[in-house]
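# Examination of the molecular architecture
Chain by chain, the residues:
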Amino acid sequence: MSGGKVVGTNSAGDDGVYGGLSYDGKVNNSYLDLTGGEISGDAIGGRSNNKDVANNYAKINGNAKIGGNLIGGESRGGTVTNSHLDLTGGEIGQQAIGGKGKTGALNNKVTSNRTTFKKSVTGGESSHGAVTGSRVFLTDSKVGENIYGGNAAGGKAEDNHVKLRGNNVVTGEIYGGVSANNDASKNIVDIEDGRVSGTIFGGRGVNSFNNTVNLTRTYAENQINGGGVNSGGSSAHDNKVTL
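A brief report on the enclosed structure follows. (Residues numbered from 1 in each chain as written. Predicted model: local features only at pLDDT ≥ 70, side-chain atom pairs only at ≥ 80, totals over all residues. Heavy atoms only, no water.)

## Observations concerning the overall build of the protein
Condition: Numbered from the N terminus, helices here are DSSP runs of H or I no shorter than four residues, and strands are runs of E no shorter than two. Two residues qualify as a contact provided that any one of their heavy atoms is within 4.5 Å of a heavy atom in the partner residue. Note on areas: these come from Shrake-Rupley sampling with a 1.4 Å probe, and a residue is covered only by the protein chains present in the view.
The helix and strand tally for the protein stands at 0 helices and 34 strands. Counting only C-alpha atoms and orienting by the principal axes, one finds that the protein spans roughly 50 × 35 × 25 Å. Residue pairs in contact within the protein that sit at least 24 positions apart in sequence constitute 74% of those at least 6 positions apart. About 9,900 Å² of surface is accessible on the protein, with carbon and sulfur atoms providing 41% of the total.

## Comments concerning unusual backbone geometry
Even without being a glycine, Asn55 presents a positive backbone phi close to 60°. For Asn55, the position within the fold is in the loop between strand S7 (53-54) and strand S8 (57-66).

## Regarding the packing of aromatic side chains
Keep this limit in mind: Within 6.5 Å between ring centres, the rings of Phe, Tyr and Trp (the latter by its six-membered ring) count as paired, and their orientation is classed by plane angle as stacked under 30 degrees, edge-to-face over 60, tilted in between. Whether a residue is buried, partly exposed or exposed follows from its accessible area with a 1.4 Å probe, protein chains only, as a fraction of its type maximum: under 20%, in between, or over 50%, in that order.
For the coordinates displayed, the defined rule picks out 3 aromatic pairs. Ring geometry for Tyr148 and Tyr175: centres 5.3 Å apart, planes at 10°, overall stacked. A residue pair is termed long-range when its members are at least 10 positions apart, and Tyr148 in strand S20 (residues 147-152) and Tyr175 in strand S24 (residues 174-179) qualify at 27 residues. Like Tyr175, Tyr148 is buried. Judged by centre distance (5.1 Å) and plane angle (5°), the rings of Tyr175 and Phe201 are stacked. Remark: Phe201 occurs in strand S28 (residues 200-205) and Tyr175 occurs in strand S24; sequence separation between them is 26 residues.

## Quick look at the pairing of strand S22 (residues 161-165)
How we decide: Strand pairing follows a simple DSSP-based rule, namely that at least 2 bridges must link the two strands.
Alternating positions in S22 separate cleanly, Val162 and Leu164 being buried on one face and His161, Lys163 and Arg165 remaining unburied on the opposite face. Sheet topology note: the strand S18 (residues 135-139)/S22 ladder contains 5 bridges and is parallel. Bridged to Arg135 within S22 is His161. In the sheet, S22 pairs with strand S26 (residues 188-192) via 5 bridges, with the strands oriented parallel. Counterpart to Leu164 in the pairing with S26 is Ile191.

Right under this line is the structure:
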């Protein structure tokens, strides 16, 4: 898509633009390529309502505007693997997520250069399973809310990374990896230059261990934590911060 505007809503909640969409089958190797224009709703590289998805992505290279969510790959019933966002320029009105799955998210990522994110940015996200190997790489971008390398509601968050370079401005918090109900381990936040208004966590979970924050020439306005423990959580150990 290089110009024009797409507008639409429906009661099924599947309005938007999709590289690939299936209600009952797997979706693999599908993508969106946007160089301009405007989409008022969601834009998703590939989505399945019930099965796994893999190797899907959405790409922006230009001044495209997305009013809703931008997601590389989404599975509402299974696992998402190796899906990503590749962004140069553009504006995202809602959530930007490399891969979003129900039962797990593995090796998903978001890469951006000079992109404006009105809301949060997440490499990989899962409502029930583990999130591992997810990445967020931003250069000279603006983020209106939080950044999550990996965000797990039910499973573990492990080996997720956030890497920022250049003049990034982040209004919210940054998490290498976070789990609401499980452990966070081996997650990393690595920032050179830029500004962060919210708290920074290498990892945060019920237990938090072996998480890292590295900051170089960064203006951090709030707390910096190698590892954090949720309310009612157990322990934090072997986390570190390097300035």
